[in-house]
Amino acid sequence: MKPATRRPRWGLIALLGAALGLGACDPQAISELHEGVSTEADVVQRFGQPERVWPEAGGARTYEYNRQPAGLRNYMITIGADGTMTALRQVLTPENFARVQPGQGVEDVRRRLGKPAQQLPLPLKNQTVWTWKFLEPPSTTKAFNVFFGPDMRVQRTEIGPDPDGPEMRGGG
């Protein structure tokens, strides 16, 4: 019998490289964009197609750019009705976390924070927890968790360790 050989999974390697590369390019892309000057085309050229587009009042649109689960930031970039960029925000911040309140719906939370790194059902508690990984200055990776009830409304929130961090791996 011929021994099995391990072949690299080039598709997976390329995907991981692309995901890591996106986050690494963000500071460069951000430095090249200017509120009130840069256009929708400039944003798409530097950030790519958005994960989601949120309609805003007066014909404006907010583009959602997620860097989860590998990254620690999510961006919301608003394009005015005239096609110019009016705002670029990194949304995984303590101020935005504090705005997530009991009773809010899942779409409100998604619109505020972008797509989470993880969505985990907790059937015994009849809850679903969404987790966003973020950077707590100067260099600690943490997780912001939002617990939704069966009606997909916020029940509570918490900040804890990164679920993929070394303190959660066990062993020893």
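Residues numbered from 1 in each chain as written. Predicted model: local features only at pLDDT ≥ 70, side-chain atom pairs only at ≥ 80, totals over all residues. Heavy atoms only, no water.

1. Comments concerning the overall build of the chain
Okay, step 1: In terms of regular secondary structure, the chain is built from four helices and eight strands.
Okay, step 2: Starting at the N terminus and walking to the C terminus, you meet the elements of the chain as α-α-β-β-β-β-α-α-β-β-β-β.
Okay, step 3: Scored against the burial criterion, the 172 residues of the chain give a buried share of 36%.
Okay, step 4: Contacts in the chain between residues at least 24 apart in sequence constitute 36% of all its contacts with a sequence separation of at least 6.
Okay, step 5: Approximately 10600 Å² of the chain is accessible, and the part contributed by carbon and sulfur atoms is 56%. (Helix = DSSP H or I, 4+ residues; strand = E, 2+ residues; numbered from the N terminus. Buried < 20%, exposed > 50% of the residue type's maximum accessible area, 1.4 Å probe, protein only. Contact = heavy atoms within 4.5 Å. Areas by Shrake-Rupley, 256 points an atom, 1.4 Å probe, with all protein chains shown as cover.)

2. Describing the side chain of D26
Okay, step 1: Structurally, D26 is set in helix α1 (residues 10-31).
Okay, step 2: Taking relative accessible area as the criterion, D26 reaches 4% and is therefore assigned buried.
Okay, step 3: At 3.0 Å, the side chain of D26 and the side chain of R67 are in polar contact.
Okay, step 4: Once residues lying within four places of it in the same chain are set aside, the contact partners of D26 are F47, R67 and Y75. (Polar contact = N/O pair within 3.5 Å; in protein donor to acceptor, adjacent residues only side chain to side chain.)

3. What to know about the pairing of strand β4 (residues 85-90)
Okay, step 1: Where strand β3 (residues 74-79) and β4 come together, five bridges link them in antiparallel fashion. Residue pairing across strands places T78 opposite A87, the latter belonging to β4.
Okay, step 2: Counting the residues in the hairpin turn of β3 and β4 gives five residues, including G83, whose phi is positive at 90°. (Pairing = 2+ DSSP bridges.)

4. Some points on unusual backbone geometry
Okay, step 1: In the segment running from Q68 into P69, the intervening peptide bond is cis, with an omega of 5°.
Okay, step 2: Looking at where P69 falls in the secondary structure, it is placed in the loop between β2 (61-66) and β3.
Okay, step 3: Residues P137 and P138 are joined by a peptide bond in cis, for which omega reads 5°.
Okay, step 4: Of note, M152 is a non-glycine position whose phi angle comes to about 60°, a positive value.
Okay, step 5: With respect to the element layout, M152 can be found in the loop between β7 (140-148) and β8 (154-161).
Okay, step 6: Judged by its relative accessible area of 27%, M152 falls in the partly exposed class.

5. Section: the packing of aromatic side chains
How two aromatic rings sit relative to each other is given by the distance of their centres and the angle of their planes.
Okay, step 1: Within the structure shown, the criterion is met by eight aromatic pairs.
Okay, step 2: Three or more aromatic residues link up through ring pairs in this structure, and these residues are F97, W130, W132, F134, F144 and F148.
Okay, step 3: The ring of F147 is capped by R156, whose NZ or CZ atom sits 3.8 Å from the centre of that ring. (Phe/Tyr/Trp six-rings, centres within 6.5 Å; stacked < 30°, edge-to-face > 60°. Lys NZ or Arg CZ within 6 Å of the ring centre and 35° of its normal.)

6. Digging into the environment of N66
Okay, step 1: With respect to the helices and strands, the residue N66 is situated in strand β2.
Okay, step 2: Sequence separation between N66 and L113 is 47 residues, and the spatial gap between their C-alpha atoms is 9.1 Å.
Okay, step 3: Those residues in contact with N66 that sit more than four places away from it in its chain are E51, R73, N74, R110, G114 and K115.
Okay, step 4: A polar contact of 2.8 Å, which involves the side chain of N66, links it to the backbone nitrogen of K115.

7. With respect to the sheet that holds β2
Paired through their backbone hydrogen bonds, the strands of a sheet run either parallel or antiparallel.
Okay, step 1: Spatially, the four strands line up as an open sheet ordered β1-β2-β3-β4, and their pairing is antiparallel. At either end of the open sheet lies a strand with only one pairing partner, and these are β1 (52-55) and β4. On average, each strand axis in the sheet is tilted by 20° relative to the strand beside it, whichever way the strands run.
Okay, step 2: This element, helix α2 (residues 40-47), spans β2, β3 and β4 of the sheet and lies at about 10° to β2.
Okay, step 3: Lying on the sheet, helix α4 (residues 106-113) is in contact with β1, β2 and β3; it crosses β1 at an angle near 110°. (Axes fitted to C-alpha atoms, helices over the stretch in contact; angles between N-to-C directions.)

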